[in-house]
Amino acid sequence: VQLQASGGGLVQAGGSLRLSCAASGRTFSSYDMGWFRQAPGKEREFVARISWSGGRSYYGDPVKGRFTISRDNAKNTVYLQMNSLKPEDTAVYYCAADRTPRRFTSNYASTDEYGYWGQGTQVTVSS
């Protein structure tokens, strides 16, 4: 699975952005997908995950109620809708695919659970 993230940019606090992650490979629909972010000098942080069917989603505490993850398996794309953005959301955002298809894990916030990563897209939120 190869991943290409896009949609980042500069936005004012309180604004919105939608990130997209396009995947190549016919097996995209079999993988749980996640979004992570990494700010300068900080570790990569879990943002959200969606199951391969789209039926389950999980969020990191800092983004609950503001971000929504979704997917369109027909388009091989996963999305991250980000609303009510804050300056602390500034980071490079990465999409990732689980290392194994159709696998449930309770450790979904760990980068170790993901075997494929996109190149990242910069999100900058100004105050």
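Quick notes on the rules
Residue numbering note: each chain is counted from 1, following its sequence as written. It should be noted that, the model being predicted, local features are given only for residues of pLDDT at least 70 and side-chain atom pairs only at 80 or more, the latter also being counted only at that level, while totals for whole chains, interfaces and linings use all residues. Side-chain calculation: all heavy atoms of the structure are included, whereas hydrogens and water are not. Aromatic pairs are defined between Phe, Tyr and Trp rings, using the six-membered ring for Trp, whenever the two ring centres lie within 6.5 Å; interplanar angles under 30 degrees are classed as stacked, those over 60 as edge-to-face, and all others as tilted. Over a ring means this: the NZ of a Lys or the CZ of an Arg is within 6 Å of the ring centre and within 35 degrees of the ring normal. Throughout, disulfides are identified as pairs of cysteine sulfur atoms within 2.5 Å of each other. Counting from the N terminus, the helices are DSSP H or I runs at least four residues long and the strands are E runs at least two residues long. Accessibility here uses a 1.4 Å probe with only protein chains present; expressed as a share of the type maximum, an area under 20% marks a residue as buried, one over 50% as exposed, and anything in between as partly exposed. We define a salt bridge as a contact between a side-chain nitrogen of Lys or Arg and a carboxyl oxygen of Asp or Glu at a distance within 4 Å. For two strands to pair, DSSP has to find at least two bridges joining them. Structural elements are reduced to axes, namely lines fitted to C-alpha atoms, with helices fitted over the stretch in contact, and the angle between N-to-C directions of any two is expressed from 0 to 180 degrees. A 3.5 Å cut-off defines polar contacts: any pair of N or O atoms within that distance qualifies, except that in protein one atom must be a possible hydrogen donor and the other a possible acceptor, and neighbouring residues in sequence count only when both atoms are side-chain atoms.

(A) Spotlight on the packing of aromatic side chains. Enumeration over the complete set of coordinates arrives at 7 aromatic pairs. Pairwise contacts between aromatic rings join Phe 36, Phe 46, Tyr 58, Tyr 108, Tyr 114 and Trp 117 into one cluster. One cation-aromatic arrangement involves Arg 44 over Tyr 94; the distance from NZ or CZ to the ring centre is 3.7 Å. A cation over a ring is seen here: Arg 71 above Phe 28, with NZ or CZ 4.6 Å from the ring centre.

(B) Broad picture of the state of the cysteines. Taken as a whole, this structure holds 1 disulfide when the rule is applied. Note on cysteine connectivity: Cys 21 is disulfide-linked to Cys 95, with sulfurs 2.1 Å apart. Negative torsions about the S-S bond denote left-handed disulfides, and the value of about 60° found for Cys 21 with Cys 95 makes this one right-handed. Of this pair, Cys 21 sits in strand E3 (residues 17-24) while Cys 95 is found in strand E9 (residues 91-98), placing the two residues 74 residues apart along the sequence. A residue is classified by how much of its surface remains accessible, and Cys 21, at 0% relative accessible area, is buried.

(C) Quick peek at the pattern of salt bridges. Taken as a whole and judged by the stated rule, the model has 9 salt bridges. Between Arg 37 and Asp 89 there is a salt bridge whose closest N-O contact spans 2.9 Å. Of this pair, Arg 37 sits in strand E4 (residues 33-38) while Asp 89 sits in the loop between strand E8 (77-82) and E9, and the two are 52 residues apart along the sequence. Under the relative-accessibility criterion, Arg 37 is labelled buried at 5%. The shortest N-O distance in the salt bridge between Arg 99 and Glu 113 comes to 3.6 Å. Here the residue Arg 99 occupies a position in the loop between E9 and strand E10 (114-117), and Glu 113 occupies one in the loop between E9 and E10, the gap between them amounting to 14 residues. Taken together, the shared-partner salt bridges in this structure form one network comprising Asp 32, Arg 49, Asp 98, Arg 99, Arg 103 and Glu 113.

(D) Local environment of the sheet that holds E3. Taken together, 4 strands build an open sheet; the order of strands is E1-E3-E8-E7 and the sheet is antiparallel. Single-partner strands in this sheet number two, and they are strand E1 (2-6) and strand E7 (67-72). For this sheet the average axis-to-axis angle between neighbouring strands, irrespective of direction, equals 15°. When E1 meets E3, the two strands line up antiparallel, connected through 5 bridges. Bridge assignment links Ser 6 to a residue of E3, and that residue is Ser 20.

(E) Summary view of the side chain of Thr 105. As for its placement among the helices and strands, Thr 105 is situated in the loop between E9 and E10. For Thr 105, a relative accessible area of 9% puts it in the buried group. Looking at Thr 105, its side chain comes within polar contact range of the main-chain nitrogen of Asn 107, at 3.0 Å. Here the side chain of Thr 105 touches Glu 113 through a polar contact of 3.3 Å, side chain to side chain.

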